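# Tertiary structure, described
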Amino acid sequence: MDFENLIVEQDGFLGFVTINRPKKLNALNKETLQELHEAFTILNATTSVKVIILTGTGEKAFVAGADIAEFANFSEEEGANLARSGQERVFNLIENLSTPVIAAINGFALGGGLELAMACHFRIASENAKMGLPEVSLGVIPGYGGTQRLPQLIGKGKAMELIMTAGMLGAEEAKSVGLVNYVVPQEELLALAEKLGNKIVSNSAVAIAAAIKAVNANFEFGVNGYEKEIVSFGACFGTDDFKEGTTAFLEKRKPNF
Ligand code: COA
C-alpha cells in the first residue's frame, strides 16, 4: 500500500500504520486524514490482519495535532465541516472498527493527535510522551471527539482541567489517570505493542469484534449497552469460533480460530 503521509505494513497477523510527516511533527493535514481513512478501511477488510498498531514516525511526536496552518483561515461552516468529516471518516471509523487498534504513543500527542489515540481501543506510551488538548490556547475547542472521549477515559473533572488549562500530561501521569495502560522506554514501545497484539491474536477475532461493539454501546446515545451485550452474547453461540473455543477447552487443547 503506497501512501504519501503514512507507512502501512503487515507482519504476521499485525498491521502497522505509522504517520509519517516528521517535519511537521506528524500533524494531521487533509491528505493524512484521507489516507488514514483508506488505510484503516483496507486493513479492517484484510482478514489476515487481526490487530492494528498505530504510531508516529520519529522519536519526538505521535501526532502534534491537526494541521493548524491548514485551518487558520476557515469560516464557521468550514470549521464545522472539518470536524464532522474528520469524526465520521477517521475517528469514529477507528473506534468502531472490528479489528482492535492499539495506539503506541511515541512522543507528543496533542489536540487531534490525542483525539486520534483516544479513538483507538487502548493506548500505551513511551516515557517521553506528552499528551494534551491545547485547542483553547488557539481560540478553538477539540473537534475530533476530544470533549467526549477524554471525560470517558479520565473522568469529567480531570478532563475539564486538562482542556481549560491547555496543559499536558506526562506519560506516567497519563497512566495514573487511565489514559494509557503502560509506559515503557521509547526503544521498547513497539515491542510491547506487538506483545499485546500477539496476545489478542490468539483469541477469537469474531468474539473480539462483538466485544468492541458491546463496550462501545455504553457510550452511544440512546443505546442500551446491556441489551446489546445480551444480543451479541447470544449471536456468539452461532459462530464456528464458539464451537472451536469450547470444544478445544473440553478436549484440553489450544483453540485454532
Ligand atoms: N500543525 C501544523 N504544524 C505543526 C503542528 C501542528 N499542529 N505542530 C507542529 N508543527 C510544525 C511546526 O510549525 C514546525 O514547522 P516549521 O519547521 O515548518 O516551522 C514543525 O512542526 C516543528 O515544530 P516546532 O514547533 O518547531 O517544534 P518544538 O519542538 O519547538 O515544539 C510542540 C513542539 C509540539 C510543543 C509545538 O510544535 C506545538 O505546540 N505544536 C502545536 C500543538 C497544538 O496546539 N496542537 C493542537 C492543534 S489543534
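What comes next is a walk through the structure.

What counts, and where the lines are drawn
Residues numbered from 1 in each chain as written. Predicted model: local features only at pLDDT ≥ 70, side-chain atom pairs only at ≥ 80, totals over all residues. Heavy atoms only, no water. Near = heavy atom within 4 Å. Polar contact = N/O pair within 3.5 Å; in protein donor to acceptor, adjacent residues only side chain to side chain. Areas by Shrake-Rupley, 256 points an atom, 1.4 Å probe, with all protein chains shown as cover. 1 Å grid on protein atoms, 1.4 Å probe; cavity = no way out; pocket = protein on both sides within 12 Å on 5 of 7 lines; lining within 4 Å. Points joined across faces, edges and corners; volume = space filled by probe spheres on them. Helix = DSSP H or I, 4+ residues; strand = E, 2+ residues; numbered from the N terminus. Nonpolar A, V, L, I, M, F, W, Y, C, P; charged D, E, K, R; others polar. Buried < 20%, exposed > 50% of the residue type's maximum accessible area, 1.4 Å probe, protein only. Contact = heavy atoms within 4.5 Å. Patch = residues over 30% accessible without salt bridge, like charges linked within 9 Å, V, L, I, M, F, W, Y side chains within 5 Å. Salt bridge = Lys/Arg side-chain N within 4 Å of Asp/Glu carboxyl O. Lys, Arg positive; Asp, Glu negative; His and termini not counted. Charge placed at Lys NZ, Arg CZ, Asp CG, Glu CD.

Here the focus is the site of the ligand. Near the ligand, the surroundings consist of 16 residues, among which K24, K60, A64, A66 and I68 are the closest. Here an oxygen atom of the ligand and a backbone polar atom of K23 are 3.4 Å apart. At 2.9 Å, a backbone N or O of A66 approaches a nitrogen atom of the ligand. Across the complex, the protein chains shield 60% of the 870 Å² of accessible surface that the ligand would expose by itself.

Put simply, the largest pocket is a space of about 510 Å³. Lining the largest pocket are 23 residues; nearest its centre among them are A66, F71, E135, V140 and I141. Looking at the lining of the largest pocket, the elements that each hand over two or more residues are α2 (68–71), α3 (76–95) and α4 (112–119). With 3 residues, α3 is the largest single contributor of residues to the lining of the largest pocket. Broken down by class, the residue content of the lining of the largest pocket amounts to 15 nonpolar, 6 polar and 2 charged. Reported here for the second largest pocket is a volume of approximately 340 Å³. The wall of the second largest pocket is formed by 18 residues, among which C120, H121, F122, V215 and N216 lie closest to the centre.

In this section: the side chain of T18. Structurally, the position occupied by T18 is in strand β2 (residues 14–19). Residue T18 is classed as buried on the basis of its relative accessible area, which comes to 13%. Discounting residues that sit within four places of it in the chain, T18 has contacts with N5, L6, I7, T55, G56 and T57.

Take a negative patch on the surface next. A surface patch of like charges, here negative, comprises E59, E127, E172, E187 and E188. With respect to the helices and strands, the residue E188 is situated in the loop between β10 (182–184) and α8 (189–201). Classification of E188 as partly exposed rests on a relative accessible area of 42%.

By themselves, these figures tell us nothing about what the structure is for.
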